[in-house]
Amino acid sequence: AALLDLGPQAVLLKGGRLPAPEAEAAEGGAAEAAEGRAAVGMVDVYADAEHGVVELRYRRVATNNTHGAGCTLAAAVAAELAKQVHSGTGPLQPLEAVRAARAYVAEVFAASAGGKVGTGLRGPLNHARALWRGGSD
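Residues numbered from 1 in each chain as written. Predicted model: local features only at pLDDT ≥ 70, side-chain atom pairs only at ≥ 80, totals over all residues. Heavy atoms only, no water.

### Remarks on the overall build of the protein chain
Helix and strand counts for the protein chain stand at five helices and three strands. Looking at the protein chain as a whole, 30% of its 137 residues are labelled buried. Within the protein chain, residue pairs in contact and separated by at least 24 positions form 56% of the contacts whose partners lie at least 6 positions apart. Of the roughly 8,400 Å² that the protein chain leaves accessible, carbon and sulfur atoms contribute 59%. (Helix = DSSP H or I, 4+ residues; strand = E, 2+ residues; numbered from the N terminus. Buried < 20%, exposed > 50% of the residue type's maximum accessible area, 1.4 Å probe, protein only. Contact = heavy atoms within 4.5 Å. Areas by Shrake-Rupley, 256 points an atom, 1.4 Å probe, with all protein chains shown as cover.)

Below, the structure is given as structure tokens:
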């Protein structure tokens, strides 16, 4: 919230992993805990004057293909805001844009889980997922 005092209308902090007990509570991960698997969640933090501080929690996808995640999230938020402007349906809803962008990034992470691209430790996200599965986005 202190970042809002510097002038932006909204702030999104891309977060990281939650400790397993918090992740279980956030995600309903009791089943994972009962099966002996540690549920690890993720959290981003959004803040604006209207909504205050909002924790956006989501399930972590197990993949090493994470290169470009921050850039993808930022570009998806910008695209969602542009769609709002183009639709002319009223004032911008940045929190809704962030939620839609998070949904897109979750799809990309899920599509990235099975592959290995390149020789480095972290491969790129799979933005071409629709082409590889024969669908269209």
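### Considering the environment of Ala78
Along the polypeptide, Ala78 turns up in helix α3 (residues 69-87). Taking the relative accessible area as the measure of exposure, Ala78 reaches 46% and is therefore partly exposed. Separated by 16 residues in sequence, Ala78 and Pro94 have C-alpha atoms that sit 9.4 Å apart.

### Observations concerning the confidence of the model for the protein chain
With 74% of its residues at a pLDDT of 70 or more, the protein chain shows a mean pLDDT of 79. Mean pLDDT values for the elements of the protein chain range from 41 in helix α2 (residues 30-34) up to 95 in strand β1 (residues 10-13). (pLDDT = per-residue confidence, 0-100.)

### Some details on the pairing of strand β3 (residues 52-59)
Inspection of the sheet shows strand β2 (residues 41-48) paired to β3 by eight bridges, in the antiparallel sense. Note on β3: the bridge partner recorded for Asp44 is Leu56. (Pairing = 2+ DSSP bridges.)

### A look at the sheet that holds β1
Spatially, β1-β2-β3 is the arrangement adopted by the three strands of the open sheet, whose pairing is antiparallel. This sheet does not close on itself; its edge strands, each paired only once, are β1 and β3. Across the sheet, the mean angle from the axis of one strand to that of its neighbour is 20°, orientation sign disregarded. Relative to the sheet, helix α4 (residues 94-112) contacts β1, β2 and β3, its axis offset from that of β3 by approximately 10°. (Axes fitted to C-alpha atoms, helices over the stretch in contact; angles between N-to-C directions.)

### Details of the packing of aromatic side chains
Tallied over the entire structure, the rule returns zero aromatic pairs. Residue placement shows Arg102 over the ring face of Tyr58; its charged tip is 3.7 Å from the ring centre. (Phe/Tyr/Trp six-rings, centres within 6.5 Å; stacked < 30°, edge-to-face > 60°. Lys NZ or Arg CZ within 6 Å of the ring centre and 35° of its normal.)

### Re the nonpolar core
Counting residues in hydrophobic clusters, the biggest one holds 14 residues, and the most contacted among them are Tyr46 and Leu56. Broken down by secondary-structure element, the contributors of at least two residues to this core are β3, α3 and α4. Residues in contact with Tyr46, not counting those within four places in the same chain, are Ala10, Val11, Leu12, His51, Gly52, Val53, Val54, Leu56, Pro94, Leu95 and Val98. (Core = buried A, V, L, I, M, F, W, Y, C linked by side-chain atoms within 4.5 Å.)

### So, the side chain of Gln84
Considering the arrangement of structural elements, one finds Gln84 in helix α3. Looking at Gln84, the relative accessible area reads 17%, which means it is buried.

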